[in-house]
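# Descriptive analysis of the structure
Now for the letters of each chain:
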Amino acid sequence: MNMPKVAVIGGSIAGLTAANVLRDIGCEVDVYERTPQFLSGFGTGIVVQPELVRYLLERTDTQLDEISVPSTSMRYYDGATAQKKGETDASWHFTAYNAVYQKLLDAFGTDRYHLGRSVTHIVQTESGPVAHFSSGPPASADLIVCSDGGGSVVRSELLDVKPKYAGYVTWRGMVDESELSEKTWNFFQDAFSYGLLEDSHVIAYPIPQVSTDGRLTGRHRLNFQWYWNMDEGPDLDLLMTDRSGQRRPVSVHHEAITEQNLTGLRERTESQLGGPFRELILSASKPFVTVVSDAEVDRMAFGNIVLIGDAAITPRPHAAAGAAKAASDAWSLAEQLEMAGGLVGEALAAWEPERLAIGHAYVAKVRAMAEVLQHGGNFPPGKAEYKFGLPRLPHTAAG
Ligand SMILES: Cc1cc2nc3c(=O)[nH]c(=O)nc-3n(C[C@H](O)[C@H](O)[C@H](O)COP(=O)(O)OP(=O)(O)OC[C@H]3O[C@@H](n4cnc5c(N)ncnc54)[C@H](O)[C@@H]3O)c2cc1C
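Values in this document were obtained by computation on a predicted structure and should not be read as measured data.

Conventions and cut-offs
- Residues numbered from 1 in each chain as written.
- Predicted model: local features only at pLDDT ≥ 70, side-chain atom pairs only at ≥ 80, totals over all residues.
- Heavy atoms only, no water.
- Buried < 20%, exposed > 50% of the residue type's maximum accessible area, 1.4 Å probe, protein only.
- Helix = DSSP H or I, 4+ residues; strand = E, 2+ residues; numbered from the N terminus.
- Pairing = 2+ DSSP bridges.
- Core = buried A, V, L, I, M, F, W, Y, C linked by side-chain atoms within 4.5 Å.
- Domains from an automatic or database assignment.
- Contact = heavy atoms within 4.5 Å.
- Near = heavy atom within 4 Å.
- Polar contact = N/O pair within 3.5 Å; in protein donor to acceptor, adjacent residues only side chain to side chain.
- Areas by Shrake-Rupley, 256 points an atom, 1.4 Å probe, with all protein chains shown as cover.
- Axes fitted to C-alpha atoms, helices over the stretch in contact; angles between N-to-C directions.
- Buried area = accessible area lost by both parts, 1.4 Å probe.
- Salt bridge = Lys/Arg side-chain N within 4 Å of Asp/Glu carboxyl O.
- Nonpolar A, V, L, I, M, F, W, Y, C, P; charged D, E, K, R; others polar.
- Parallel < 35°, antiparallel > 145°, perpendicular 65-115°, else oblique.
- Left-handed = near helix turned anticlockwise from the far one by under 90°.

Most of strand β15 (residues 200-210) is tucked away: eleven of the eleven residues are buried. Bridge count between strand β14 (residues 191-197) and β15: five bridges; the pairing is antiparallel. Each bridged residue has a counterpart across the sheet, and for Tyr194 the counterpart in β15 is Ile203. Taking the residues between adjacent antiparallel strands as the criterion, β14 and β15 are bridged by two residues. Sheet topology places β15 next to strand β16 (residues 216-229); ten bridges connect them, and they run antiparallel. By the bridge assignment for β16, Ile207 is matched with Arg221. Count of turn residues in the β15/β16 antiparallel hairpin: five residues, of which Gly214 carries a positive phi of about 85°.

Encoded structure:
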């Protein structure tokens, strides 16, 4: 079988999963990653979905327990009083971004993972697509897989689509066990916890602690997010303006957050959150803030160029399966290419409609969840349509 030569743009979850599965079916694969150093993702939490860890569990010797923390329930509290409103059985595993990233990178190796290569544009030529970068030589391939994330340069080149602000931001952070009282640490163990408020919600769950080089330390920490409704305008601009006076489009990292905004977070925590939720957020030494956005496309294949993961459809986080969608785009691409005997056009014709359908259904699901989570404080415990994960489409076995 003659498999295509592949250039993957962006080496995170989608890019590394694609690189591994495409190499496994016989493609020659190179990954081009914008950042000059390996990614860390700050070690923030991810709820494990089967698609996210499929490569690690099926094709490497990684054990799920080695990279994750198990849980048995989902708990729903009034965020202001910490009084329990409901609880359901839910056996999720929680991991950290860089635990998954490092394992996927270990599997692919670093020889063909090129750092500091930021794609600027792609040119379609008669002999195939060619990616151009801000530095370094261009890369030609039979297939270019674009997994350059929610702010995808390639997507904005191919389509008139930009991420649309969802009307709220999320404060995020992590707190080590040693930084919390025993009571608060125990309160959050063994569960995914919601703290529900009239116009916002907090989530918290335990994750493994990972060192900066991506290795697990054997200790645990709590991961949290607090979503704040905020219209576009001066308040949002102030929050997203860093210490140097620059208005950041997506995230303000901890070191860059102004004293005024850190004080605002502390004051709002003290006035609105109760008990363990208050202690958790006040204990975070490096909180940071991200705007929540989503983007949808109606095409993912353009000749011999494809968009996958967040570079195609960028979902909000509430059903905890954005990374799983990214990974399953990659798996499905390899499966279709293998079935088509390496013929890119045939493979993409079968691949694209199914991936679009799953992506659109997932965005609809997370938007519906956001509507309830951010308005009214009454997120219903255990409602089937809000269960974490990708939607299962009736006409397909995938999803
Ligand atoms: C607050 C929050 C919480 C989340 N929680 C979860 C969760 O619990 N579970 C879950 O499954 N998902 C979660 N997600 C979603 C998940 O993080 C994303 O869906 C996932 O990271 C998408 O992977 P990706 O590889 O497509 O894109 P990304 O992870 O964004 O990676 C894009 C890569 O492309 C690189 N890149 C960008 N531009 C260029 C360029 N021009 N040239 C070369 N490289 C480039 C970037 O440096 C990066 O490495 C969450 C998202 C957010 C915002």
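What follows picks up the thread again.
Okay, the nonpolar core next. Membership of the largest hydrophobic core comes to 103 residues, with the highest contact counts inside it found for Leu22, Val145, Phe192, Tyr194, Val306 and Phe388. Per element, the largest residue contribution to this core is eleven residues, and it comes from helix α11 (residues 344-373). Here this core spans two domains, and each of domain 1 (5-37 + 115-163 + 295-373) and domain 2 (72-92 + 165-293) adds at least three residues to it.

Right, let's talk about the side chain of Gln336 for a bit. When you line up the elements, Gln336 lands in helix α10 (residues 322-339). Judged by its relative accessible area of 16%, Gln336 is buried. Not counting residues up to four positions away in its chain, the partners in contact with Gln336 are Ala347, Ala350 and Trp351.

With that settled, consider the site of the ligand. Of all residues adjacent to the ligand, which total 30 residues, the nearest are Ser12, Ala14, Glu33, Asp310 and Ala323. In the environment of the ligand, an oxygen atom lies 3.1 Å from a nitrogen or oxygen atom belonging to the backbone of Val47. Interatomic distance of 3.3 Å between a backbone N/O atom of Gly322 and an oxygen atom of the ligand. Relative to its unbound accessible surface of 1000 Å², the ligand loses 86% to contact with the protein. Those elements that place two or more of their residues in the shell around the ligand are α1 (13-24), β3 (45-47) and α10.

Take the sheet that holds strand β1 (residues 5-9) next. Spatially, the six strands line up as an open sheet ordered β8-β2-β1-β12-β20-β19, and their pairing is mixed. The open sheet has two edge strands, β8 (113-114) and β19 (301-302), and neither has a second partner. Pairing geometry for β19 and strand β20 (residues 305-307), over two bridges, is antiparallel. The residue bridging Ala301 from the neighbouring strand is Val306, located in β20. Along the sheet, α1 makes contact with β1, β2 (28-32), β8 and β12 (143-146), crossing β2 at roughly 170°. Of the strands in this sheet, β12, β19 and β20 are in contact with α11, which crosses β20 at around 20°.

In terms of domains, the protein is made up of domain 1 (5-37 + 115-163 + 295-373) and domain 2 (72-92 + 165-293). At the interface, eight residues of domain 1 touch ten residues of domain 2. Note on domain 1 versus domain 2: buried area summed over both sides is about 720 Å², and carbon and sulfur give 56% of it. The largest contributions to the domain 1 side of the interface with domain 2 come from Arg316, His318 and Leu373, which together make up 63% of the buried area. At the junction of domain 1 and domain 2, the tally comes to zero salt bridges. Our count for the contact surface shared by domain 1 and domain 2 stands at two residue pairs in polar contact (both at pLDDT 80 or more). Considered class by class, the residues forming the side of domain 1 that touches domain 2 number five nonpolar, two polar and one charged.

The next thing to look at is the environment of Arg221. Relative to the helices and strands, Arg221 resides in strand β16. Residue Arg221 is classed as buried on the basis of its relative accessible area of 14%. Taking the C-alpha atoms as reference points, Arg221 and His253, 32 residues apart in sequence, are found 19 Å from one another. In contact with Arg221, other than residues within four places in its own chain, are Phe42, Gly43, Met174, Val175, Asp176, Glu177, Trp185, Tyr205, Pro206, Ile207, Pro208 and Gln209. Here Asp176 takes part through its side chain, which lies 2.9 Å from a polar atom of the side chain of Arg221.

So, on to the pairing of strand β5 (residues 73-78). Summarising burial for β5: five of the six residues are buried, a large majority. Judged from the five bridges that link them, β5 and strand β6 (residues 84-89) form a sheet pairing that is antiparallel. Bridge pairing in β6 links Tyr76 to Gly86. In this antiparallel pair of consecutive strands, β5 and β6, the connection spans five residues, and Ala82 shows a positive phi of 65°. Of the pairings in the sheet, the one linking β5 to β14 comprises six bridges and is parallel in character. If you follow Tyr76 over to β14, its bridge partner there is Tyr194.

Turning our eyes to something else, we now look at the packing of α10 against α11. The geometry of α10 relative to α11 is characterised by a closest axis approach of 9 Å and an angle of 160° between their N-to-C directions. Here α10 is positioned roughly antiparallel relative to α11, judged by the angle of their axes. Regarding α10 and α11, the two cross each other, and that crossing is right-handed. Residues Gly322, Lys325, Ser328, Asp329, Ser332, Leu333, Gln336 and Leu337 of α10 touch α11, and the partners they reach there are Val344, Ala347, Leu348, Ala350, Trp351, Glu354, Arg355, Gly359 and Tyr362. For the contact of α10 with α11, the residue count by class is eight nonpolar, five polar and four charged.

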